[in-house]
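Commentary on secondary and tertiary structure
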Amino acid sequence: MTRIFNFSAGPAVLPEPVLRQAAEEMLDWHGAGMSVMEMSHRGKEFIAIAEAAEADLRELLGIPADYRVLFLQGGATLQFAMVPINLLGGRKRADYVNTGEWSKKAIKEAKNFAEVNVAATAEDANFTYVPEQSAWKLDPQAAYVHICSNETIGGVEFHWVPDTGAVPLVADMSSDILSRPVDVTKFGLIYAGAQKNIGPAGLTIVIVRDDLLGRAPKGTAGMLDYKVHADAQSMSNTPPTYAIYIAGLVFKWLKAAGGLAAIAEKNRAKAKLLYDLLDASAFFRSPVRNCDRSLMNVPFTLRDERLDEAFLKGAKERGMVQLKGHRSVGGMRASIYNAMPIEGVRCLVDYMKEFEAKHG
Ligand SMILES: *Cc1c(COP(=O)(O)O)cnc(C)c1O
């Protein structure tokens, strides 16, 4: 068996020990005589799995008692709608900061429900930076302020938390949740699709402050109402059981690795290897402003795009895949989530140096 280095933006690499444990437990979970996939979501075995996953996530992120953790489906994309449906609470307007492709999608969906005020946008520089808060034009009547903490496609990340006063801050953390410690109390709501840095596709995690529940308008479908899910401990219908189980194993893996401060240090070291090379190179280039560079998704371009295909082919021959940049940006993108070992990044950096020496 050969494991390759998978730089996919999502679904993405998972920790090998997690996959091994899942394989071992595939046919018989802890003597239950069945796979987790075959268990009733209301049985005591699965309830224990879901409760442990929530407890471990709470411990990792330091989630306070007045926040609820919801295990939902529908991806981060459904949250683009559920956030306005649930948080407008009778108000009409919401603030959005536009830092790239995922912000744009969130804004587009929110416009179905709210008057969107784009409080700041980085469109003037092709979404290569995070606008300083001093330049934001927040609406005091806004029901909430929405940001995307890490633009998976553009490789732009917030390395600071905006101060929105009494207005709840909402963050799409799909691609940087669990990559570093976060002060959850600064947010009203955090959401993340699992398939970047948590686990398999199919699970979406929402962390929401209690007082923001119960604001959905009368007539809202139950499946779109946070309060319905919160009241039912995310079991108002069948949750994505296997994805929750794998996410739970990832949480245990993170705890064993020393928690989020420890993983953040590893993530900084991995990203530094790549950015140092990009900064020193006359051949490869990062389009993103230094202070806003993502530690999770690193887009870069080659000096001559006609070499892109050769670069990707050589990478594949060396056991590195999914380095092609998003179609909207071009070039390359290396996603180096928690589960990407530093050896994978070293392998990429060595290959880039070799490629530059040959073609530069
Ligand atoms: C991947 C991604 C999404 C969309 O997630 P889905 O699970 O496909 O709905 C939204 N926001 C960000 C930041 C993402 O990286």
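Only a predicted model underlies this, so the values are computations on that prediction, with no experimental measurement involved.

**Thoughts on the domain arrangement of the protein chain**
- Looking at the protein chain, the domain boundaries give domain 1 (17–256) and domain 2 (258–359).
- A straight line from the C-alpha centre of domain 1 to that of domain 2 covers 27 Å.
- Contacts between the two partners involve 27 residues from domain 1, matched on the other side by 25 residues from domain 2.
- Buried area between domain 1 and domain 2, both sides added, is near 2,100 Å², and the carbon and sulfur share of it is 55%.
- In this assembly, domain 1 and domain 2 are joined by one salt bridge.
- When the shortest N-O distance is used, the salt bridge between Arg 289 and Glu 132 registers 2.9 Å.
- Counting across the interface, domain 1 meets domain 2 through 18 residue pairs in polar contact (both at pLDDT 80 or more).
- Where the side of domain 1 that touches domain 2 is concerned, the elements lending two or more residues are helix 2 (44–61), strand 7 (156–157) and helix 6 (241–256).
- At four residues, the largest contribution of residues to the side of domain 1 that touches domain 2 is made by helix 6.
- Of the residues belonging to the side of domain 1 that touches domain 2, the class tally is 11 nonpolar, nine polar and seven charged.

**A short note on the side chain of Asn 86**
- Among the structural elements, Asn 86 can be located in helix 3 (residues 75–87).
- Since its relative accessible area comes to 1%, Asn 86 is described here as buried.
- Here Leu 224 takes part through its backbone oxygen, which lies 2.8 Å from a polar atom of the side chain of Asn 86.
- Apart from residues no more than four positions distant in its own chain, Asn 86 is found in contact with Leu 212, Arg 215, Ala 216, Leu 224, Asp 225 and Tyr 226.

**Considering the nonpolar core**
- Counting residues in each nonpolar core, the largest one holds 54 residues, and the members touching the most others are Leu 61, Ile 177, Leu 178, Ile 198, Ile 207, Tyr 245 and Phe 251.
- In terms of residues, this core owes the most to one element, helix 6, which gives 10 residues.
- Split by domain, the residues of this core number at least three in each of domain 1 (17–256) and domain 2 (258–359).
- Of all hydrophobic cores here, the second largest spans 29 residues; its members include Leu 278, Leu 307, Met 320 and Leu 348.

**Things to note about the packing of aromatic side chains**
- Inspection of every chain in the model, using the stated rule, returns 15 aromatic pairs.
- Centroid distance Phe 284 to Phe 311: 5.7 Å. Interplanar angle 65°. Geometry classified as edge-to-face. On the criterion of sequence distance, the pair formed by Phe 284 in strand 11 (residues 284–285) and Phe 311 in helix 8 (residues 308–317) is long-range, its members being 27 residues apart.
- Relative to Tyr 351, the ring of Phe 311 lies with its centre 4.9 Å away and its plane at 35°, an arrangement referred to as tilted. One end of the pair, Phe 311, is in helix 8; the other, Tyr 351, is in helix 9 (residues 342–359), with 40 residues separating them in the sequence. Here the two residues Phe 311 and Tyr 351 agree in accessibility, since each one is buried.
- Taken together, the ring pairs connect Phe 283, Phe 284, Phe 300, Phe 311, Tyr 351 and Phe 355 into an aromatic cluster.
- The positively charged end of Lys 105 is found above the aromatic ring belonging to Trp 102, 4.8 Å away from the centroid.

**Here we look at the site of the ligand**
- In the vicinity of the ligand, 13 residues are found, and the nearest of them are Thr 77, Thr 152, Asp 172, Gln 195 and Lys 196.
- Asp 172 places a side-chain nitrogen or oxygen 2.6 Å from a nitrogen atom of the ligand.
- Separating an oxygen atom of the ligand from a side-chain N or O atom of Lys 196 is a distance of 2.6 Å.
- Ranked by residues supplied to the shell around the ligand, first place goes to helix 3 with four residues.
- When grouped by side-chain class, the residues that make up the shell around the ligand number four nonpolar, seven polar and two charged.

**Some thoughts on the pattern of salt bridges**
- Counted under the stated rule, the structure contains 22 salt bridges.
- In this structure, Arg 180 engages Glu 157 in a salt bridge whose closest nitrogen and oxygen atoms are separated by 3.6 Å. Within this pair, whereas Arg 180 is found in the loop between strand 8 (169–172) and strand 9 (189–193), its partner Glu 157 is found in strand 7, the two being separated by 23 residues in sequence.
- You can call Arg 180 partly exposed: its relative accessible area is 22%.
- Within this structure, Asp 56, Glu 59, Lys 252 and Lys 255 form a network of salt bridges that share partners.

**Quick notes on the state of the cysteines**
- The full count for this structure, using the stated rule, is zero disulfides.
- Cys 148 takes part in no disulfide bond, and the closest cysteine sulfur to it belongs to Cys 291, at a distance of 17 Å.
- By relative accessible area, Cys 148 is classed as buried at 2%.

So, how was this worked out
- Residues numbered from 1 in each chain as written.
- Predicted model: local features only at pLDDT ≥ 70, side-chain atom pairs only at ≥ 80, totals over all residues.
- Heavy atoms only, no water.
- Domains from an automatic or database assignment.
- Contact = heavy atoms within 4.5 Å.
- Buried area = accessible area lost by both parts, 1.4 Å probe.
- Salt bridge = Lys/Arg side-chain N within 4 Å of Asp/Glu carboxyl O.
- Polar contact = N/O pair within 3.5 Å; in protein donor to acceptor, adjacent residues only side chain to side chain.
- Helix = DSSP H or I, 4+ residues; strand = E, 2+ residues; numbered from the N terminus.
- Nonpolar A, V, L, I, M, F, W, Y, C, P; charged D, E, K, R; others polar.
- Buried < 20%, exposed > 50% of the residue type's maximum accessible area, 1.4 Å probe, protein only.
- Core = buried A, V, L, I, M, F, W, Y, C linked by side-chain atoms within 4.5 Å.
- Phe/Tyr/Trp six-rings, centres within 6.5 Å; stacked < 30°, edge-to-face > 60°.
- Lys NZ or Arg CZ within 6 Å of the ring centre and 35° of its normal.
- Near = heavy atom within 4 Å.
- Disulfide = S-S within 2.5 Å.

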